[in-house]
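Chain and residue survey
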Amino acid sequence: MLAGGAIHDTQRWAFGQDSQTAEERLFGSRVILGPRELKARKLLNTQTFRQASWLPSLPRQHGAELAGAVLDGGANSTREQITALAQTRIDYCHFIMEQCSTHAVRLLASLYAPSAGVNPSRPSGPARSEPLRRT
């Protein structure tokens, strides 16, 4: 699946500012500096949901402190810190989806299926895909 969003030029700056403010509030600081952006694909994977369920929901402020500790020096992170980071990642994505509604973002998605001519048991190069179509 490929997905993205379309936003009107008049809403773009406000959406970006709200996203950065949420990032600082939830994670304790900006996670990615410069023109790059956080991607849901990297934030929301199976491991994130598994780690988020290790402990009950942590208070937001305490979670931000713990998540920031993981981001600052993650090698020796505790279970509580890792759980806080995972819960914060989910909270951030939830906030972004709410902001999409607030700023009238139109979400777009496209589903793809493997090509009919590709035999998955014998890979012969890079994976190919075709758009799904009704028949």
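Residues numbered from 1 in each chain as written. Predicted model: local features only at pLDDT ≥ 70, side-chain atom pairs only at ≥ 80, totals over all residues. Heavy atoms only, no water.

**A word on the pattern of salt bridges**
All told, the structure shown has 2 salt bridges when counted by the stated rule. Residue Glu 23 pairs with Arg 30 through a salt bridge whose shortest N-O separation is 3.3 Å. Among the ionic pairs, Asp 91 bridges to Arg 60, the shortest N-O distance being 3.8 Å. Residue Asp 91 is found in helix H5 (residues 79–102), and its partner Arg 60 is found in helix H4 (residues 60–73); the two are separated by 31 residues along the sequence. Of the residues examined, Arg 60 reaches a relative accessible area of 49% and is grouped as partly exposed. (Salt bridge = Lys/Arg side-chain N within 4 Å of Asp/Glu carboxyl O. Helix = DSSP H or I, 4+ residues; strand = E, 2+ residues; numbered from the N terminus. Buried < 20%, exposed > 50% of the residue type's maximum accessible area, 1.4 Å probe, protein only.)

**Describing the packing of aromatic side chains**
Overall, the coordinates contain 1 aromatic pair when judged by the stated rule. One cation-aromatic arrangement involves Arg 25 over Phe 95; the distance from NZ or CZ to the ring centre is 5.6 Å. Directly above the aromatic system of Trp 54 lies the positively charged group of Arg 79, at a separation of 4.2 Å from the ring centroid. (Phe/Tyr/Trp six-rings, centres within 6.5 Å; stacked < 30°, edge-to-face > 60°. Lys NZ or Arg CZ within 6 Å of the ring centre and 35° of its normal.)

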